[in-house]
Each structure stands twice: as C-alpha cells, then as structure tokens.
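So the chains spell out like this:
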Amino acid sequence: MKYKLTLLLLAALGFILLPKTEIWAANGSIQPFCLDRIGVRHLQQQHSELTGWATRIALVELSEAIGPEGIMAFMPDVEHHAIAAGRLGELFHAPNAVPGYSHHASTIAGILFGNDPNAWCDQLGGFSYHGIVPDAAFDVYEANWFIFHSILAREAREIDADVVSISWGSESSDFISQWWQRGIDAVVQRQNCTVVAGCGNSRDITHPSSGYNVISVGSACGLGAIPQRLAYFGPPTQTMSSFGPTKDGRAKPDCIAPGIMVSPSLADTFSYNIDTEGVGYSSYAAPQVAGIAALLIDAARLYGYENGDDPRVIKALILNSADKLAGWHKGAPGQDDDHEAVLDCLQGAGLVNARNAFAYFEAGRFEPNLPMPTGWDFNTVAIEPNAPDSVRIYDLGITVPAGQAIKATLCWYRHYQEDRLFSPQPLSHLTLELWAMDNTGELVELLDISDSTNDNLQHIYYLAERELRPVLVVLAATKQAATLEQETYALAFTTEQDNWQGDQFQADFNADGLVDVRDLEHFLQTWNRWQTHDGVITLSNVPGLPEDLNSDGRLDRYDFQIFSSQWQQRSEWYSR
C-alpha cells in the first residue's frame, strides 16, 4: 500500500514540475484569441479577401445617461486605435441627445471592426488586435430610436444593413414589447437582413432574440483563469447564459459563441482591458455570430453565389456548422433525441465555427445526380401535401461509413402581415427526414426526423450505426393552416466525422480544468438534492442538467461510473 501511494505522489509531483506551455507567446499574438477557437482566424488566413468590404452592419445599442448634460452613451469610442480606422457611417439617436462613448459598444465594435497591430494590456503584454470584418461599413443606432423610428413608426425608416447586431434584451411581456419584438422579427423578412441578438444572461430567453427569424446567441463558458479563459470554452452555465425553450415552447438559443475577451478600454485611446469577473456574456457572443454572418455574405457577393446572402441560407449554414460540446442533446432528458425538439436547451446547435460554415458554403448549392457530401440549397416546397412539389428529395450520392455523422438544418421564415401591428401569419409546418436508400434507389428506412410544430427550424444530427446511403427529405406536414401556396426554405447539410468538440471534461462541473474532490462534492450535493424517498432520481423537469452525464434523464450509478472514469483527469489548459 505504501509503495502504491509513493508512486501516486511521485506521479503527481512530476505533473506539477513539468514545464507549462503558454497558450500564446507573450508578444505577437492576435486578439481576441477566442476567434481562433471559432474558426475565424483560420478563415482569415486562408481567404484574406474576406474582410467584410461588401457588407454593412447595424449596431443597435442601449444608451446610458451620463450627467446632466444629456449625454447618452451608446456609441463605440471611434477615437480608440482599435476602431478609429473603421468605416463608421451614421449615428441615429434622439435629436436632443449628445452621443457619448460606451464600453459595451466599444467592445462590440472591437470584436467586429478592430484593427490595431500595436496593442497592449498588462495581463498579456503586446499583441495585435484584429476583428472579424475590419473593412465592413457600419452605422450605430440608439436602441430606443431604432425601435420607434425603424420599427414602429407609421413610415418606418428602412435599415440600410445586411446584418443587425443586438446585444441587449428585455423580458417584458407587455403589449409594446411584444409589438416591437414582432417588428424586429418582421424586418428580417421585409428587408432581407440577418438579425443576430444575444439571448440574455439569466433564466429566460429575452426579446428580441426569441424571435422566429432572429439568430439567438448564448454564451459559451470561459474555462480556467486568465489567460486560458480567453482561449478555451465549455458549454454555457445556466447562471450566465439564458436557456430555452422559450415560454411558447420553441428552441432557443440557436447557437453559442465565446462571451469573454480582450476589449478596447475607455481609459485612453491605446488601452485594453479584460473582464475578469464573469465567465461570459451573450452581449459579446452575439457580435461574433454577426461577424461570421457578414463574412458569409461578403463571400456570397465576391464569389457570385445567387441567394447565398439570404438570411435563411446564412442561418442554416451557421447552425449546421456548429460544433457540439459535451452534453449536447436535443429536447428533454433521455438517451433518445426528441423529434419535436429541435436544439439543445443550452447550446442550441452548438459552438459556432466560421471555418466549417464557409466550407459548407464553398462546397456549393445542391445539384441532383452529383455526389454532394456537403452543401446547401435554397428552394421552395408546396404547402399542400398532395401537390406534386410538396416533397423535395436530396440524394447526397455517397455512402457513409459507420460512425460518421450526418447533419442537416432546415430554415424558413415566420411571415408577418404588412400592417402596423406586424400580425403573425400561420406558421408553415415543414418536416426534415433522414432516410437510408438501397441499391435500387428505394427509400427503405427512416433513420431520423425533426418535426417541431412550433419552430421555423428543423435540425438533424445522426451518427451512422452502419454503412448507409443517406437521403434527406423536406416535405410539408399533412395539416397546414398556412395561407401560402409555397414556402421558401434554406437547407444546409454535411456528412463528416463525429465532430463533438470541447475543452472541458463533463465531470469537471466547476470548470477549473481538473476533475477532483470539489466536483465530487458538487455531484453528491446534486444527488442529494434530487433524491426521493424511493431512491429513484428522474429529471424530466430539469432539461440539460450537467450531472446527468449519460443524458438518460436520471442520476444513478451509471453517471457515477462516468464520473469515476474521469477522476483526476486534467484539461489541456489546466495550470495550477
């Protein structure tokens, strides 16, 4: 026994004494570093022509009054070196207000348009600060002005933007809030612009991110301490990122992105700071997704992809290319996905990946009779189930081996009437199916189906158990209340190696990089909390509970076995 203990102590000491590798060099790194994790840097290196030049972005920012002079802080610090060279267009605000600089707005503008090769902050030393779309044009709207003049006004001013980035939200359910919520959702359809909004940092998904046509973004959890926290991410925590479903039962958020980073400081035009208090905020996650949307729109216009800049195409590509993190699961607890649940309650479709999204986009639009392991389509389907074009069949023309993942995402609009109340029209009910085809061309086995009746989105993630030839089917459901004859949709699809990602062991509940006694205490406390008199712990009302490690809807010995198998394991980024 003493011999075994000595070996364990020597092994532990050896790990402690091993030299630790910095996640970046002290000088010459590029910030925000989280953009490496979501594939932006790789895409920028491979396609330097994609800078956002062909796009325009609207930043919609809440204002904060400062002092009695009527200064409203809602605009980015355009004097800061990170933002000074940006293509700022117009400021939209109340005529009696004096625009002031906002740290919140400056951080968001830095993520999108930042460009400062000689940046510095005390925690990191020198680095280059580079945003996602530094050459994109942008306008800044004060949020209340935006709502009343671009959404609710009798003659609303058109929003001259390809992407609208919103990093605020409201949980109010009064008539006015519902009115402008519908109005922002209707803008996507009416003006053909992609709207991206943070989902909030509390329990309920906030407006306007709860909109049908809006891309709702949650915040991935930054792991460890600074600087590791800027580079490594795990699934959202329920205390830092709002989670679905919405109050009317729809899947939100749609995806997640890192929510913590280095940002321009208002202290002076050269300084930067790092938020060291929180693990992430959807305010800072949303502009990353808005930036990826702008990159895809930029590519569509530069390369001449017809309809490639349509918001439905952009949303389908972003969601389908996302990386699933530990614990991803559709719907309520249980080892089988729910066909009527579209996305994970915390992660949505997963952590966004710009490199993957562009690869799917570049693969091209679906062409029948050609092998298409990856691609997208923009098409229509008849709403009447008996119509000849009420079914669209996508034979991908390939055979996938056992263990390979098949992913597909279907998006269409929720339509609104052209009245001042933005009255919603009946929602079209489209279904997405995955079939296996035999050698004669017959569809012989239904492998998976996404059939939500509440959402204007369907998503399939299927891991092949045997070699098969996959076929995707888009069809109208048998019962329709929609008034349209045809619905226009976008479909993104891919077959690839199982792409579950993440920098966090499932059993590392406190996200400190080590599965240890603290995590055991947490597991046992949760076990005790949900224990019942008969010893059966079911979690049907607690979707996405992290301690349910095998996602079967229970806390039992099987979860503890998984926990035990990860005991004392350290993440790559762990340092102590």
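Please read these numbers as outputs of a predicted model, since none were measured by experiment. (Residues numbered from 1 in each chain as written. Predicted model: local features only at pLDDT ≥ 70, side-chain atom pairs only at ≥ 80, totals over all residues. Heavy atoms only, no water.)

1. Some details on the packing of helix 7 (residues 282-303) against helix 9 (residues 354-363)
Moving on, step 1. Remark: helix 7 packs on helix 9, axes separated minimally by 10 Å, with the N-to-C direction vectors making an angle of 30°. Accordingly, the angle class assigned to the pair helix 7 and helix 9 is roughly parallel. Between helix 7 and helix 9 the crossing geometry is right-handed. Judged by residue contacts, Ile292, Leu296, Ala299, Ala300 and Tyr303 of helix 7 engage Ala354, Ala357, Phe358 and Phe361 from helix 9.
Moving on, step 2. Looking at the contact of helix 7 with helix 9 residue by residue, the class counts come to nine nonpolar, no polar and no charged. (Axes fitted to C-alpha atoms, helices over the stretch in contact; angles between N-to-C directions. Helix = DSSP H or I, 4+ residues; strand = E, 2+ residues; numbered from the N terminus. Parallel < 35°, antiparallel > 145°, perpendicular 65-115°, else oblique. Left-handed = near helix turned anticlockwise from the far one by under 90°. Contact = heavy atoms within 4.5 Å. Nonpolar A, V, L, I, M, F, W, Y, C, P; charged D, E, K, R; others polar.)

2. Overview of the pattern of salt bridges
Moving on, step 1. All chains considered together, the criterion is met by 14 salt bridges.
Moving on, step 2. Across the salt bridge formed by Asp377 and Arg365, the nearest N and O atoms sit 3.0 Å from each other. In this pair, Asp377 is assigned in strand 17 (residues 374-382) and Arg365 in the loop between helix 9 and strand 17, connecting sequence segments twelve residues apart.
Moving on, step 3. Exposure remark for Arg365: the relative accessible area of 31% places this residue in the partly exposed category. (Salt bridge = Lys/Arg side-chain N within 4 Å of Asp/Glu carboxyl O. Buried < 20%, exposed > 50% of the residue type's maximum accessible area, 1.4 Å probe, protein only.)

3. Some words on the sheet that holds strand 17
Moving on, step 1. Across the sheet, four strands lie side by side as 17-24-19-22; this open sheet has antiparallel pairing. Taken across any chain shown, the strands that pair with only one partner, and hence form the sheet edges, are strand 17 and strand 22 (457-463). Pairs of neighbouring strands in the sheet enclose a mean axial angle of 15°, with direction left out of account.
Moving on, step 2. Sheet topology places strand 17 next to strand 24 (residues 486-497); nine bridges connect them, and they run antiparallel. Following the sheet pairing, Thr374 is matched in strand 24 by Thr494.
Moving on, step 3. Relative to the sheet, helix 9 contacts strand 17, strand 19 (404-412) and strand 24, its axis offset from that of strand 17 by approximately 65°. (Pairing = 2+ DSSP bridges.)

4. Some points on the packing of helix 4 (residues 103-113) against helix 7
Moving on, step 1. One can describe the packing of helix 4 onto helix 7 by two numbers: an axis separation of 9 Å at closest approach and a directional angle of 30°. Between helix 4 and helix 7, the interaxial angle falls into the category roughly parallel. Helix 7 is crossed by helix 4, and the crossing has right-handed handedness. Where helix 4 abuts helix 7, its residues His103, His104, Thr107, Ile108, Ile111 and Leu112 lie against Ser283, Tyr284, Pro287, Gln288, Ala290 and Gly291.

5. Quick notes on the confidence of the model for the protein
Regions with low pLDDT carry predicted coordinates that are not meant to be interpreted in detail.
Moving on, step 1. With 88% of its residues at a pLDDT of 70 or more, the protein shows a mean pLDDT of 85.
Moving on, step 2. In the predicted structure, residues 1-27 sits below a pLDDT of 50 and forms 20 contacts with residues beyond four places in sequence or in another chain. (pLDDT = per-residue confidence, 0-100.)

6. Digging into a nonpolar patch on the surface
Moving on, step 1. Side chains of Phe175, Ile176 and Leu421 sit close together on the surface and give an oily, nonpolar patch of about 280 Å² of accessible area.
Moving on, step 2. Assignment of secondary structure puts Ile176 in helix 6 (residues 175-191). (Patch = residues over 30% accessible without salt bridge, like charges linked within 9 Å, V, L, I, M, F, W, Y side chains within 5 Å. Areas by Shrake-Rupley, 256 points an atom, 1.4 Å probe, with all protein chains shown as cover.)

7. Looking at the pairing of strand 21 (residues 443-450)
Moving on, step 1. Taken together, the six bridges between strand 20 (residues 430-437) and strand 21 define a ladder with antiparallel strand orientation. Residue Glu433 lies in a different strand from strand 21, and its bridge partner there is Ile449.
Moving on, step 2. If you look at the hairpin formed by strand 20 and strand 21, you'll find five residues sitting between the two strands, and Gly441 has a positive phi there, around 90°.

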